[in-house]
Structures are given as C-alpha cells and as structure tokens.
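Okay, here's what each chain looks like letter by letter:
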Amino acid sequence: MAAGQKVAVYGAYGHTGRFVVAQLEARGFVPVLSGRDAGKLRALAAHRPEAEIRPAAADDAAALDRALAGTAAVINCAGPFAGTAGPVIEAALRAGLPYLDVAAELEANVDTFTRYADRARTAGALIVPAMAFYGGLGDLLATAAMGDWTAADAVDVAYALSSWHPTAGTRASGAVSRQRRGDARLVFTGGRLERRHDAQPAFTWPFPEPVGPSPVIGEFTMADVVTVPSHLAVPEVRTHMTVTAARHVTAPDTPAPVAADEHGRSEQTFLVDVVVRSGGRERRAVARGQDIYAVTAPLVVEAVDRVLTGRTRAVGVASAGRAFDAPDFLRALAPHLSVELPAAGPGRLAG
C-alpha cells in the first residue's frame, strides 16, 4: 500500500472529483485539493480540517507547479479536458510525477497519446488517460477477455445504463467534443479512427441478465475506441449505448444526478458487456455496478495505488489495460463492481 502519500486532485470540487477525494481518504492517502476556483476548494475543505487547498488555473504554470509540489501523483478530474489535460500533464512532467485523468473526451485522449507518448517514454514517466468508467473499465475488461490471444478481429463494448443524468462537467465536455468534430461522428474501423456522416446503426444487443436483450444505438462512440486499440491488436472497436441512456444524456432538460445513498451515489445502475471476437470464437467479460461517476473513483485510486507501489507494466502514455494486470486489477475492485471474466482457454464458438 502507498497510504499516507499526498496525491493532488485537480478539479477536486467537481462531481467526480469529490468521489475521488473521498476514495483517496478511504484508502489512506492524503488528497491535496486543487482547481481553478478557490471558493469551491475552501467549501470542499470546510469539513476537512487537515485538508490542504492549492488553487491553480490551468493556464498558470507556476500555480500548477505549486499545486503539485511535494505530492506523489496527480489525478486530473477537471473537464473539459481539452483545456486542462495538456497543462496538468506538463506540470506533472516538470515535477517528475505520474499523471492520471478521468477524461471521457475522445479528442482529448487522442491528444494525450499523440503529444506525450515520446516525451513521457523518454522521461520514464507514466501518463494514464481515461482511467475512468469510460475508457478505463472497458479497456480492462477487453484486455482480460483477450487473455492469451495476440490479436482479435473485433471488440464490442456495450453499455446498459438504467439512466444517464449528466453532470455539468459531462455536458461541458460533450459540447467541446461536438465543437471539435463538427457534424461528424468518430468510429474506429480498419485500424484507425474515421470520421463519418452517416446515421448510427440501431439494433438489439444481447445483454446478460438482469438486463437481457435491449435496443441500443450502435457506434455510440466512447473513449474505449482510443484506449483499447492503443495496445491491443484489433482493427475494429465499437461501443454501443442503450437507447434510453443515450436519449437521457443528449436531452437538454435531463437533470443532474441526485444522491440516493450514504455514499452520494445516484440510483443509476450499469452493466458493461465486452465481447472480443477472433476467427469465429468469442470471449465475453461483464461488469455490473452502481453510478458511473462514483465508480470512477475506485478505478482511478486503485490505479494510483498500483503506480505508487510499482505494480505497473508500462512507461509513457498507457491505457489501463496496458499499464496494469487487467484481471488482477478487476478482482481488486470487488467491493465496488461485480465482474465476470472468461475462463482461461481457447474461447467458445460464437453463435
């Protein structure tokens, strides 16, 4: 365990940032609260008498350096990440610290891999983007399902959310992504990201119980199309979303999530169904849990713990599945997720 070490949380007062701060405290870390708004940082620290707050705007390099001073790692929870990932990564590289973020923005994740892969590798630094529900969890499940296969034909990541009440951060990040891609949508096909203007497919996905077969919007592209093919040899990566959840998150009047239990989680439940196919065979990995924002916290904090205790498999920019032992990582999340992984073996025939 790396308990007792200071971990900077940039965007600590945001919806997901608050879950991350609480999870760090529960795991014995000392969170250093940072972000652009000093007033919100003080409010967050009001019931944490020993909390240290370090305000820093993303465009203030000196303030970011002060925010990270004396910490062991930094977690960036401040979206839109198109504006924060670069500056916080630069500060982490100057300080020689590992950097992790919870970005679900495809374009921001692509930027991180493109701009920092060589620099981070040369510096021996570790940068883990999308260490969250979107991008991180799907990548871990796909990596675990892939097992001993060295390549596959396709990976499908299907999301069944009982509802999707977006946070203000989700809406802001989505707006930035839409602005950057215009009227195009992104798909990963033929081994590369491709811009398309055709209609998204709609079909029924055979989710396991308790969801069962449900209508989905196909190619509802999430961060997994960046993280999975960044290290797995697979030319087709597709992500799909249940129709109800897709309608909720895109509707302008859907309210923000509301706490429904003592941990601050909403009533939202999720099932993530990952299917890896190769030559007529398939392997499936499934995760079930509650609240996509809340579950991001144990994902990224488990990652921080593994980074700080030397349980990593990569340097440079690395997704969750490349950086960590995926099956072992998923087993460690048992208090927060139920996970079903395929048994070791050649895989079963698709049918």
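Residues numbered from 1 in each chain as written. Predicted model: local features only at pLDDT ≥ 70, side-chain atom pairs only at ≥ 80, totals over all residues. Heavy atoms only, no water.

*Asks:* What am I meant to see in the packing of helix H6 (residues 133-146) against helix H10 (residues 292-308) here?
*Replies:* A pair of packed helices can be characterised by two numbers: the angle between their axes and the separation between those axes. At a minimum axis distance of 10 Å, the contact between H6 and H10 shows a crossing angle of 60°. With respect to H10, the axis of H6 lies oblique. In this structure, H6 meets H10 at a crossing whose hand is left-handed. Side by side, H6 and H10 meet where Phe133, Tyr134, Leu137 and Leu140 of the first sit next to Ile292, Val295, Thr296 and Leu299 of the second. Residues belonging to the contact of H6 with H10 are distributed by class as follows: seven nonpolar, one polar and no charged. (Axes fitted to C-alpha atoms, helices over the stretch in contact; angles between N-to-C directions. Helix = DSSP H or I, 4+ residues; strand = E, 2+ residues; numbered from the N terminus. Parallel < 35°, antiparallel > 145°, perpendicular 65-115°, else oblique. Left-handed = near helix turned anticlockwise from the far one by under 90°. Contact = heavy atoms within 4.5 Å. Nonpolar A, V, L, I, M, F, W, Y, C, P; charged D, E, K, R; others polar.)

*Asks:* Any chance you could explain the sheet that holds strand E1 (residues 6-10) here in plain terms?
*Replies:* The pairing of strands in a sheet comes from backbone hydrogen bonds and takes either a parallel or an antiparallel form. Strand order in the open sheet formed by seven strands is E3-E2-E1-E4-E5-E6-E15, with parallel pairing between adjacent strands. Of all the strands in the sheet, just strand E3 (52-55) and strand E15 (316-317) have a single pairing partner and so form its edges. For strand E2 (residues 30-35) and E3, the ladder comprises four bridges, and the chain directions are parallel. Across the sheet, the residue bridging to Gly35 is Pro55, located in E3. Of the strands in this sheet, E1, E2 and strand E4 (73-76) touch helix H1 (residues 15-26), which is tilted by about 170° from E1. (Pairing = 2+ DSSP bridges.)

*Asks:* Got a minute to help me understand empty space enclosed by the protein in this structure?
*Replies:* To find leftover empty space, a probe the size of one water molecule is rolled over the atoms. Applying the stated criterion across every chain, the model contains one cavity of 30 Å³ or more. Of the volumes computed, that of the largest cavity is approximately 30 Å³. Lining the largest cavity, in full, are Val187, Phe188, Glu219, Thr221, Val225, Val237, Arg238 and Thr239. Elements with a minimum of two residues in the lining of the largest cavity: strand E8 (185-189) and strand E12 (236-242). Looking at which element gives the most residues to the lining of the largest cavity, the answer is E12, with three residues. (1 Å grid on protein atoms, 1.4 Å probe; cavity = no way out; pocket = protein on both sides within 12 Å on 5 of 7 lines; lining within 4 Å. Points joined across faces, edges and corners; volume = space filled by probe spheres on them.)

*Asks:* Help me out: how do you make sense of the nonpolar core in this one?
*Replies:* Nonpolar side chains in soluble globular proteins tend to be buried together. In this structure, Met131, Phe133, Leu137 and Trp164 are the most contacted members of the largest nonpolar core, which totals 108 residues. Among the elements that line this core, the one with the most residues is H10, at eleven residues. Setting aside residues up to four positions removed in sequence, Trp164 forms contacts with Tyr134, Thr170, Phe220, Met222, Met241, Ala245, His248, Val249, Thr254, Gln268, Ile292 and Tyr293. Counting eight residues, the second-largest nonpolar core is a separate cluster that includes Ala158, Leu271, Val275 and Val286. (Core = buried A, V, L, I, M, F, W, Y, C linked by side-chain atoms within 4.5 Å. Buried < 20%, exposed > 50% of the residue type's maximum accessible area, 1.4 Å probe, protein only.)

*Asks:* How should helix H4 (residues 81-95) be read in this particular structure?
*Replies:* An α-helix turns once every 3.6 residues. As a result, residues three or four positions apart point the same way. With 15 residues, H4 extends 20 Å from end C-alpha to end C-alpha; this agrees with the ideal 21 Å at 1.5 Å per step. What H4 keeps buried is the set Phe81, Thr84, Ala85, Gly86, Val88, Ile89, Ala91, Ala92 and Leu93. Phi for Gly96, located one or two positions after H4, is positive at around 70°. (Expected span 1.5 Å × (residues − 1).)

*Asks:* Sorry if this is basic, but what is going on with the pattern of salt bridges here?
*Replies:* Where charged atoms from two side chains of opposite charge approach closely, those side chains can pair. Evaluation of the coordinates by the stated rule reveals 27 salt bridges. As a salt-bridge pair, Glu194 and Arg196 come within 3.0 Å of each other at their nearest N and O atoms. Judged by its relative accessible area of 22%, Glu194 is partly exposed. Residue class for Arg196 comes out partly exposed when judged on its relative accessible area of 23%. Salt bridges linked by common partners bring Arg27, Glu302, Asp305, Arg306, Arg311 and Asp328 together as one network. (Salt bridge = Lys/Arg side-chain N within 4 Å of Asp/Glu carboxyl O.)

*Asks:* Where do I start with the packing of H4 against helix H5 (residues 106-123) in this structure?
*Replies:* Closest axis-to-axis distance for the H4/H5 pair is 10 Å, and the angle between their directions is 20°. What the angle tells us is that H4 and H5 run roughly parallel. Classified by chirality, the crossing of H5 by H4 is right-handed. Residues Phe81, Ala82, Ala85, Gly86, Ile89, Glu90 and Leu93 of H4 pack against Ala108, Thr112, Tyr116 and Arg119 of H5. By residue class, the composition of the contact of H4 with H5 is seven nonpolar, two polar and two charged.

*Asks:* Mind showing me how you'd approach unusual backbone geometry here?
*Replies:* Working note: non-glycine residues mostly have negative phi, and peptide bonds are mostly trans. For the bond running from Gly79 to Pro80, omega is -5°, close enough to zero to count as cis. Following the sequence through the fold, Pro80 ends up in the loop between E4 and H4. The phi dihedral of Ala130 falls on the positive side, at around 55°, and the residue is not glycine. Structurally, the position occupied by Ala130 is in the loop between strand E6 (126-128) and H6.

All quantities given are derived from atomic positions and should not be read as evidence of function.
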